[in-house]
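# Geometric and topological summary
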Amino acid sequence: MSDRSTGAVRAALAPDAPTTPATEAEPAADTPGCAQAPQPAPLAPGARFFPSLAAVYRAQLSRARVARIPLLFVATFQSVGIMILMRGVVDGGSEARAVVAGSSVLVVAFVALNLLAQHFGQLRAGGGLDHYATLPVPPASVVLGAAAAYASFTLPGTLVTAVFGCLLFGLPMSGLWILAAVVPLAGAALAGLGAALGLLAPRQELATLAGQLGMSAALLLGVLPPERMPAVIVWARDLLPSTYGVEAFARTFEASPDWAAVVFDLGVCAAVGVLSLTVATWAYRRAAVR
């Protein structure tokens, strides 16, 4: 028997046969039925603004619903108490109109400016902004949704305060319908300011302090009659967004209201609201990425 290996015999019988190992053979690229490489799935389109705004509004409204009754009671009781105190000083006329209008808008300032500044300051300090940053929603919808949810609590308290003030000072109630425009426009301006203060404050305590100072300014500059203030204080009063809501509401108590001035004051509230909410949106983007 020959001692040649089986491989040598096969090579001698078929010298032209390929000797490439089976493991080095590559399948044909055009072989039908071969598995193709997985393709990346297309990304979903970004969420639209108004559906995102509605979702954030409902979420914030449900979270704040538990504190609705105490919040309304505190804001309304504070404004009613101020009018009762001012009743011993003010008899009527333009001063009474300023007190009633300022006390009514103060309910909006308490919620939209003070509480919203504390809310966003707490979200930033506790890491709550990280939750919203992961959602595929526009930043403006987060700010507007939270502001609208807090401002929704102000209309009943503002209406109760205005009715009580009209009865206390003997003012006509025929112009109370203007609150349907004053509350959302002044609320937007103050809510944007409150959100910006809460998001820009480096610490939660400073956000709370800024909200308290803003509400105090709305109290002192909005409720007190401007006729008894120094000129410097009157100039500072013109810088406060809530002042124009107070002026628009106070003009409706007159026998012949100047509706052009009312529209102008409401337009200023709307312009300040757009500007303040824009700044708050920028502050939200800045705080969410840090």
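Residues numbered from 1 in each chain as written. Predicted model: local features only at pLDDT ≥ 70, side-chain atom pairs only at ≥ 80, totals over all residues. Heavy atoms only, no water.

Turning to the overall build of the protein chain, a few remarks are in order. Within the protein chain, the secondary structure is distributed over twelve helices and zero strands. Scanning the protein chain from its N terminus toward the C terminus, one meets helices and strands in the order α-α-α-α-α-α-α-α-α-α-α-α. A separation threshold of at least 6 residues defines the contact pool for the protein chain, and within that pool the share at least 24 residues apart is 83%. For the protein chain, the computed accessible surface area is about 15,900 Å², with 66% contributed by carbon and sulfur atoms. (Helix = DSSP H or I, 4+ residues; strand = E, 2+ residues; numbered from the N terminus. Contact = heavy atoms within 4.5 Å. Areas by Shrake-Rupley, 256 points an atom, 1.4 Å probe, with all protein chains shown as cover.)

All right, on to helix 7 (residues 154-169) then. The terminal C-alpha atoms of helix 7 lie 22 Å apart, and with 16 residues this matches the ideal 22 Å at 1.5 Å per residue to within 8%. For helix 7, every residue scored as buried is listed here: Thr 154, Gly 157, Thr 158, Thr 161, Ala 162, Gly 165, Cys 166 and Phe 169. Down the axis of helix 7, the sector holding all buried residues measures 165°, keeping them to one side. Within two residues after helix 7, Gly 170 carries a phi angle of roughly 70°, on the positive side. (Expected span 1.5 Å × (residues − 1). Buried < 20%, exposed > 50% of the residue type's maximum accessible area, 1.4 Å probe, protein only. Arc of directions from axis to C-beta.)

A few words now on the environment of Ser 79. Relative to the elements of secondary structure, Ser 79 occurs in helix 3 (residues 68-87). We classify Ser 79 as buried; its relative accessible area is 1%. Each C-alpha atom of the pair Ser 79 and Thr 161 lies 6.7 Å from the other, and the pair is 82 residues apart in sequence. If we skip the residues at most four places from it in the chain, Ser 79 touches Ser 103, Leu 106, Val 107 and Thr 161.

In the predicted model, the protein chain carries a mean pLDDT of 80, and the fraction of residues at 70 or more is 81%. This model gives residues 1-31 a pLDDT under 50, and the stretch forms two contacts once residues within four places in sequence are excluded. (pLDDT = per-residue confidence, 0-100.)

So, about the pattern of salt bridges. Tallied over the entire structure, the rule returns three salt bridges. Between Glu 205 and Arg 203 there is a salt bridge, with the nearest N and O atoms lying 3.6 Å from each other. Here Asp 265 makes a salt bridge to Arg 251, at a shortest N to O gap of 3.0 Å. Here Asp 265 is found in helix 12 (residues 259-288), whereas its partner Arg 251 is found in helix 11 (residues 242-251), with 14 residues between them in sequence. According to the relative accessible area criterion, Arg 251 is partly exposed, its value standing at 24%. (Salt bridge = Lys/Arg side-chain N within 4 Å of Asp/Glu carboxyl O.)

What follows concerns the environment of Asp 238. Along the chain, Asp 238 falls in helix 10 (residues 231-238). C-alpha of Asp 238 to C-alpha of Gly 222: the two residues are 16 residues apart in sequence and 9.9 Å apart in space.

Before going further, it helps to examine the nonpolar core. By size, the foremost hydrophobic cluster in this structure holds 64 residues, and its most contacted members are Phe 169 and Phe 249. The dominant element in this core, judged by the number of residues it contributes, is helix 4 (residues 93-126), at 17 residues. Not counting residues up to four positions away in its chain, the partners in contact with Phe 169 are Met 83, Met 86, Arg 87, Val 90, Asp 91, Ala 96, Val 99 and Val 100. (Core = buried A, V, L, I, M, F, W, Y, C linked by side-chain atoms within 4.5 Å.)

All right, on to the packing of helix 4 against helix 7 then. Look at helix 4 against helix 7: their axes get within 9 Å of each other, and the N-to-C directions meet at 165°. The angle between helix 4 and helix 7 places the two elements in the roughly antiparallel class. For the pair helix 4 and helix 7, the sense of crossing is right-handed. Where helix 4 abuts helix 7, its residues Ala 96, Val 99, Val 100, Ser 103, Ser 104, Val 107, Val 108 and Val 111 lie against Thr 154, Gly 157, Thr 158, Thr 161, Ala 162, Gly 165, Cys 166 and Phe 169. Of the residues contributing to the contact of helix 4 with helix 7, the split by class is nine nonpolar, seven polar and no charged. (Axes fitted to C-alpha atoms, helices over the stretch in contact; angles between N-to-C directions. Parallel < 35°, antiparallel > 145°, perpendicular 65-115°, else oblique. Left-handed = near helix turned anticlockwise from the far one by under 90°. Nonpolar A, V, L, I, M, F, W, Y, C, P; charged D, E, K, R; others polar.)

Together, Leu 200, Leu 275, Val 279 and Trp 282 make up a nonpolar patch on the protein surface, roughly 390 Å² of accessible area in all. A per-element tally of the nonpolar patch places helix 12 first, with three residues. Structurally, Leu 200 can be placed in helix 8 (residues 179-200). (Patch = residues over 30% accessible without salt bridge, like charges linked within 9 Å, V, L, I, M, F, W, Y side chains within 5 Å.)

Looking now at the packing of helix 8 against helix 11. A pair of packed helices is captured by two measures, namely the crossing angle of their axes and the spacing between those axes. Following both chains from N to C, one finds helix 8 and helix 11 inclined at 170°, their axes separated by 9 Å at the closest point. Judged by the angle between their axes, helix 8 and helix 11 are roughly antiparallel. Across the interface between the two elements, Leu 179, Val 182 and Leu 190 from helix 8 touch Ser 242, Gly 245, Ala 248 and Phe 249 from helix 11. Classifying every residue of the contact of helix 8 with helix 11 by side-chain character gives five nonpolar, two polar and no charged.

This model, assessed by the stated rule, comprises three aromatic pairs. Centroid distance Phe 73 to Phe 77: 5.6 Å. Interplanar angle 15°. Geometry classified as stacked. With Phe 73 and Phe 77 both in helix 3, this residue pair falls four residues apart, about one helical turn. When its relative accessible area of 56% is taken as the criterion, Phe 77 is described as exposed. (Phe/Tyr/Trp six-rings, centres within 6.5 Å; stacked < 30°, edge-to-face > 60°.)

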